[in-house]
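Structure at a glance
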Amino acid sequence: MRMLVTLEFADAGGRSGSHGLLIIGRGAKDLQAGDIGLSLDEAKTLISAIQAEFVSAQAAEIVEARRHCSDCKEKLHIKDWKRHRVQTAFGKVFLRSPRLVICACSGARRGAISPLKGWLTRSTNELKYIAAKMASQYSYRQAAAILHELLPVDLRFGHVSVRNATLDAGGRLDQDQITEPFADWRRPRPGPRTVTLGFDGGYARRIRKGPRRNFEILTGAGEIDGKIWVFASAHKSVPGLKRRLAAFVSRLRISSEEPIALMTDGAESLLPAETVVTSSHTLCSRLLSCIDETPAY
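What comes next is a walk through the structure. Bear in mind the structure is a predicted one, so any value in this text is a computation, not a measurement.

**Regarding the overall build of the protein**
- Within the protein one finds 7 helices and 9 strands.
- A burial count over the protein gives 30% of its 297 residues as buried.
- A separation of at least 24 residues holds for 47% of the contacts in the protein among residues at least 6 apart in sequence.
- Surface exposure of the protein reaches about 20,200 Å², of which carbon and sulfur atoms provide 53%.

Structural data, given as structure tokens:
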């Protein structure tokens, strides 16, 4: 059985009409139990071929719409072509982009313009969105591996590209959240200071044979009027951690009258978000009670 895939475009400039895409088929004698429908590789090949034709049709439509002079309506001549490579969620696409000769009817200096400028990018928005979303749940390398496994994403779009897409998304979110100038954001605000502390811990266990060498890792961060303070400690006993926590809290210079919002996960002895602690000593004892009640792995 063979399947012939044909695309037909309407109003797509020079790409209008029918285009034979590819032939997919397997013999019945090659089928195994459970071999039903398209395989993942066949589906990736099919959607990658469709994507290439679709992008070419989009580009042809844009070029056709901008091919005429805005003043005299004369058709602009093509000076040359440039080859572009675009990374999409459905494969890498190579595209020929023309440069058009500027019309001299308005007395403008001779030159060339690209009708696809401003539309062509190195990676599509959808691919960067998917990469950033995957990177929020997995490491950069794992996110890239999952993209390559499930989608016909080009291998050159690796973990570095996933990282760049994630950082770009974070930068856009930061810009959207800033509602006042940066200088005003750094100024002290009237009223009591806003103190927020968050802690999270994990247990590390030795997997090799030998003496037991397990330890716990505790990380935290404190935000006071926009300034971030960080804390990290790998400890084997509670007394050593108590001293480090006390030093960290004293470095924040929190008075006993300032409200503290303390946040952690899985700590039954701590109240949920915005727990108010009256002093730094009480804060240390609360945190240590959380660590004491943490079950051993």
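Having put the structure on the table, let's press on.
**Overview of the pattern of salt bridges**
- One pass over the structure, following the stated rule, counts 2 salt bridges.
- The closest approach of N and O atoms between arginine 99 and aspartate 80, which form a salt bridge, is 2.7 Å. Taken together, the residues arginine 99 in strand β4 (residues 91-101) and aspartate 80 in strand β3 (residues 78-88) connect sequence positions 19 residues apart.
- Looking at arginine 99, the relative accessible area reads 25%, which means it is partly exposed.
- Residue aspartate 80 is classed as partly exposed on the basis of its relative accessible area of 25%.
- A salt bridge links aspartate 154 to lysine 92; the nearest nitrogen and oxygen atoms lie 3.5 Å apart.

**Quick word on the nonpolar core**
- In terms of nonpolar packing, the biggest core is built from 13 residues, with Val195, Leu197, Phe199, Phe231, Phe248, Leu252 and Ile254 touching the most fellow members.
- A total of 4 residues in this core trace back to one element, the largest contributor, which is helix α6 (residues 238-252).
- Within the second largest apolar cluster, 12 residues are counted, among which are Leu127, Leu147, Val162 and Ala165.

Parameters and conventions
Residues numbered from 1 in each chain as written. Predicted model: local features only at pLDDT ≥ 70, side-chain atom pairs only at ≥ 80, totals over all residues. Heavy atoms only, no water. Helix = DSSP H or I, 4+ residues; strand = E, 2+ residues; numbered from the N terminus. Buried < 20%, exposed > 50% of the residue type's maximum accessible area, 1.4 Å probe, protein only. Contact = heavy atoms within 4.5 Å. Areas by Shrake-Rupley, 256 points an atom, 1.4 Å probe, with all protein chains shown as cover. Salt bridge = Lys/Arg side-chain N within 4 Å of Asp/Glu carboxyl O. Core = buried A, V, L, I, M, F, W, Y, C linked by side-chain atoms within 4.5 Å.

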